[in-house]
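# Observations on chain architecture
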Amino acid sequence: MSNKCIIKSIAQVSCQQPLSDEWLTSPILYDESYAAAIEPNFKEFINPIEARRLGRVLKRALCTSLSALRQAGLNNPDAIITGTGMGCLENSEKFLLQLAQLGESCLKPTLFMQSTHNTISSLIGINIKCHGYNNTYSQKACSFESALLDAWLQLKAGAIKSVLVGSHDEVTPLFAKILKRNSPDFKLVSETSVASVLVAEESAQPNQIEVENVNILYRPLREELIRHITEPAVVMLGLNGNESNDRHYCELLGKVSGNPIMLHYKPIFGDNFSASAIGFYAATRLLQTGKIPEFMYHSKPAGNVIPSEITLINHYEGNTWSLIKLKKH
Amino acid sequence: MAERVLITGYGIISALGAGIEATLDALKTERSGIDCVKYLETNHRELPVGEVKYSNAKLAKLLNAKYPVSELRTVMLGIIAAKEAVTSAKLSEDDIRNAALISGTTVGGMDFTEKHFNEVLEREADTLETEKMKYNDCGCSTELIADAIGKVKMITTSSTACSSAANAIILGANLIKSGVVDIAIVGGSEALTRFHLNGFNTLMILDKSRCRPFDETRTGINLGEGAAYLILENEKSAHRRGIKALAELKGYGNACDAFHQTASSDNGEGAYRAMSQALMMAQLKPTDIDYINAHGTGTPNNDRSELAAMERIWGASLPKFSSTKAFTGHTTSASGAIESVISILCLQHKFAPANIGWESPIKDFAVPVTQTSTAEIKNIINNSFGFGGNDSSLIFSNIN
């Protein structure tokens with residue numbers, strides 16, 4: 001477990017400008033409760049004939065993955081590990097709809113073929129002809145962290161040298177309604193696609209961002225969570241403006257001494273089962289630029305903050321918690 | 001990564017029955033669990049399936065389960081198998097508190113969702129009966145299984161279609177080797193649904209007779225359902241608890257065929273890589289393998305591709321091999337765990353299970369085990385291959 005896990009590149013498609021860091025200076029603000037992702041120019045990454053066959057989440061996943069690989073100057077990583085809370089939701093929903101309307105005859109195979117959760121990770125594997133380790137995790141709001149934990153363990157252990165880790169979720173109008181009603185926790189529902197190349201290095205170079213630790217805890221005691229927060233803490237929380245969601249963070253941080261600096265990202269990127277991946281992306285950018293935009297602060301301290309470490313904390317309905325510690329060298 | 005990964009407990013439920021004893025008996029007496037549809041609400045009565053022979057009501061009664069668990073077949077099957085595994089490993093509450101639960105599923109709560117999807121569609125948005133859609137996702141089933149077995153340290157869910165459980169086992173082993181946990185409860189659970197029965201049917205890969213893996217006349221899969229879990233544990237913890245290991249997980253490999261979403265490559269590239277990696281990690285030669293529990297779904301494409309991959313490793317002298325899917329049906333996401341339990345039973349009781357239903361060899365390819373027979377078995381490879389070419393192989397070995 002001696003290698004360091006370094007973030008080599010990262011790309012996003014969300015309800016902010018796609019494949020861009022424009023949100024840092026001019027974020028798009030939404031009044032609605034549901035914001036679909038802004039589509040990038042797919043032609044740059046996918047040939048139009050292939051694109052026509054692919055559902056939205058697949059196109060986005062391919063796009064962010066290929067973008068992250070290009071930035072990293074890597075054609076073929078040792079592994080592809082993907083998180084997705086709902087998988088190819090649109091296709092699953094359409095297949096369910098056909099089953100409901102047409103019954104059990106006259107169904108077409110295409111929707112089913114692209115309905116399993118691992119369709120995303122396999123598609124990337126097939127597209128870049130990557131025969132390496134390929135896995136998919138689906139654990140509600142902790143899907144990205146599950147993929148990241150798998151990647152982190154294997155990089156640290158030296159089983160792999162490079163990995164494409166991502167998390168991708170699409171939200172259909174029906175699912176947005178269901179989510180809003182079942183989980184009022186989700187205030188601005190949106191869509192997320194994030195892909196990142198991580199590499200194993202014996203030692204970190206100046207300015208590199210390291211994933212120092214990844215933890216997933218199920219129904220933990222607050223004390224167990226606090227153990228993972230180093231002071232003085234800069235924490236990026238899954239706060240989304242909804243009291244039933246946010247109170248868990250407030251209770252937890254209330255027990256951390258030394259006035260932790262609390263940041264948030266869901267007010268501008270929205271929430272879905274892959275949202276924590278965009279938190280990971282945003283935290284990476286804040287560490288790289290050394291600047292924190294005003295709108296990222298949940299609690300603004302006096303004076304200027306130049307973060308060198310950020311701990312990302314996320315939970316789903318107070319049950320499954322995740323902590324990711326990022327460090328700038 | 002020198003830490004050994006021991007198996008100190010197991011639990012299973014499938015078409016062969018509930019529990020280790022029923023499974024062993026069926027395997028030894030060559031009794032298949034595949035039959036006509038009894039419980040799944042489907043018009044496809046012509047398709048044989050490997051159903052668990054309990055209605056949801058009976059499962060709920062067995063578990064004393066309340067809503068929503070009483071309506072979620074994947075969860076109930078999972079709880080039954082996971083509880084048997086926990087009991088068999090004699091895990092205490094404290095042991096469980098420091099353990100991970102890694103479960104594989106793709107169906108999740110789809111059986112419940114599809115029963116109520118019409119109600120959701122028929123209602124206006126503001127009166128949507130959305131509560132019933134809440135249990136659809138994969139991760140939800142793992143949470144509910146965790147809640148039934150005790151307070152675990154962490155959970156997650158792997159979802160790689162038919163190799164989900166095998167990949168859950170691999171993550172569990174990596175967590176143990178890295179020292180994140182001493183004990184991992186790993187496996188998978190999958191209930192039959194109209195969704196995937198019809199999905200596989202559209203691909204025209206379901207056999208209307210009992211499936212015949214590795215037979216020249218094979219035409220496809222019989223879908224099955226079930227759940228199985230293993231208790232993985234490091235040596236130190238097993239020693240401290242004074243528990244005897246059942247077997248060792250000596251090696252594993254995961255590779256991507258990177259060929260097609262629902263078909264395997266002709267030369268079985270992904271399967272070849274997965275098996276080769278597993279052998280390398282286990283530091284075993286191909287000739288050390290005494291039996292292969294093949295993925296062997298019974299589709300023309302899978303079996304030919306898997307045989308091609310096997311021949312790339314073993315040449316013309318393949319070890320004993322068979323598919324046990326004519327016993328259990330293809331239990332999709334659970335199959336990696338169900339067949340891991342079967343493999344461990346083969347090690348413990350020294351036998352190689354028959355590839356029941358097999359009659360005629362595939363031209364130019366090897367012949368599987370035709371009769372359940374006693375055999376000295378030290379090392380077994382268990383293959384699980386999923387859609388998208390998510391191929392994984394596990395090597396189980398006798399303790400010594």
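## Examining the domain arrangement of chain A
All names here are of chain A. Assigned domains of chain A: these are domain 1 (4-201) and domain 2 (209-328). Here the C-alpha centre of domain 2 lies 22 Å away from the C-alpha centre of domain 1. Taken together, the contact pairs 49 residues of domain 1 with 43 residues of domain 2. Applying the counting criterion to the domain 1 and domain 2 interface returns 1 salt bridge. Residues Arg285 and Asp21 are paired through a salt bridge, measuring 2.9 Å at the closest nitrogen-oxygen approach. Linking domain 1 with domain 2 are 19 residue pairs in polar contact (both at pLDDT 80 or more). For the side of domain 1 that touches domain 2, the secondary-structure elements that each account for two or more residues are strand 1 (4-13), helix 6 (143-157), strand 5 (162-169), helix 7 (173-182), strand 6 (189-190) and strand 7 (192-201). Of the residues in the side of domain 1 that touches domain 2, the class split is 25 nonpolar, 16 polar and 8 charged.

## Examining the packing of aromatic side chains
Applying the stated criterion across every chain, the model contains 16 aromatic pairs over all chains. Connected via pairs of aromatic rings, a cluster forms that spans A:Phe95, A:Phe112, B:Phe195, B:Phe200 and B:Phe387. Positioned above the aromatic ring of A:Tyr297, the side-chain terminus of A:Lys300 is 4.7 Å from the ring centre. Above the ring of B:Tyr272, the side-chain terminus of B:Arg312 is found at 3.9 Å from the ring centroid.

## Here we look at helix 10 (residues 269-282) of chain B
Residue and element names in this part refer to chain B. In this model, helix 10 (14 residues) spans 20 Å end to end at C-alpha, consistent with the 20 Å of a helix rising 1.5 Å per residue. The set of residues buried in helix 10 consists of Glu269, Gly270, Ala271, Ala274, Met275, Ala278, Leu279 and Ala282. Where helix 10 is buried, its residues meet strand 7 (247-256), helix 11 (300-314), strand 12 (379-386) and strand 13 (390-397). Just downstream of helix 10 lies Gln283, where phi reads positive at about 55 degrees.

## Observations concerning the nonpolar core
Generally speaking, soluble globular proteins have nonpolar side chains that are buried together. Among the nonpolar cores identified, the biggest contains 105 residues, and A:Leu198, A:Val211, A:Phe280 and B:Leu232 are the most heavily contacted of them. Sequence-distant contacts of A:Phe280, defined by excluding residues within four places in its chain, comprise A:Ile7, A:Ile10, A:Phe144, A:Leu148, A:Ser196, A:Leu198, A:Val211, A:Leu312, A:Ile324 and A:Leu326. In terms of nonpolar packing, the next biggest core, distinct from the first, is built from 37 residues, B:Ile13, B:Val75, B:Met76 and B:Ile96 among them.

About the cut-offs
- Residues numbered from 1 in each chain as written.
- Chains lettered and ligands numbered in written order.
- Predicted model: local features only at pLDDT ≥ 70, side-chain atom pairs only at ≥ 80, totals over all residues.
- Heavy atoms only, no water.
- Domains from an automatic or database assignment.
- Contact = heavy atoms within 4.5 Å.
- Salt bridge = Lys/Arg side-chain N within 4 Å of Asp/Glu carboxyl O.
- Polar contact = N/O pair within 3.5 Å; in protein donor to acceptor, adjacent residues only side chain to side chain.
- Helix = DSSP H or I, 4+ residues; strand = E, 2+ residues; numbered from the N terminus.
- Nonpolar A, V, L, I, M, F, W, Y, C, P; charged D, E, K, R; others polar.
- Phe/Tyr/Trp six-rings, centres within 6.5 Å; stacked < 30°, edge-to-face > 60°.
- Lys NZ or Arg CZ within 6 Å of the ring centre and 35° of its normal.
- Expected span 1.5 Å × (residues − 1).
- Buried < 20%, exposed > 50% of the residue type's maximum accessible area, 1.4 Å probe, protein only.
- Core = buried A, V, L, I, M, F, W, Y, C linked by side-chain atoms within 4.5 Å.

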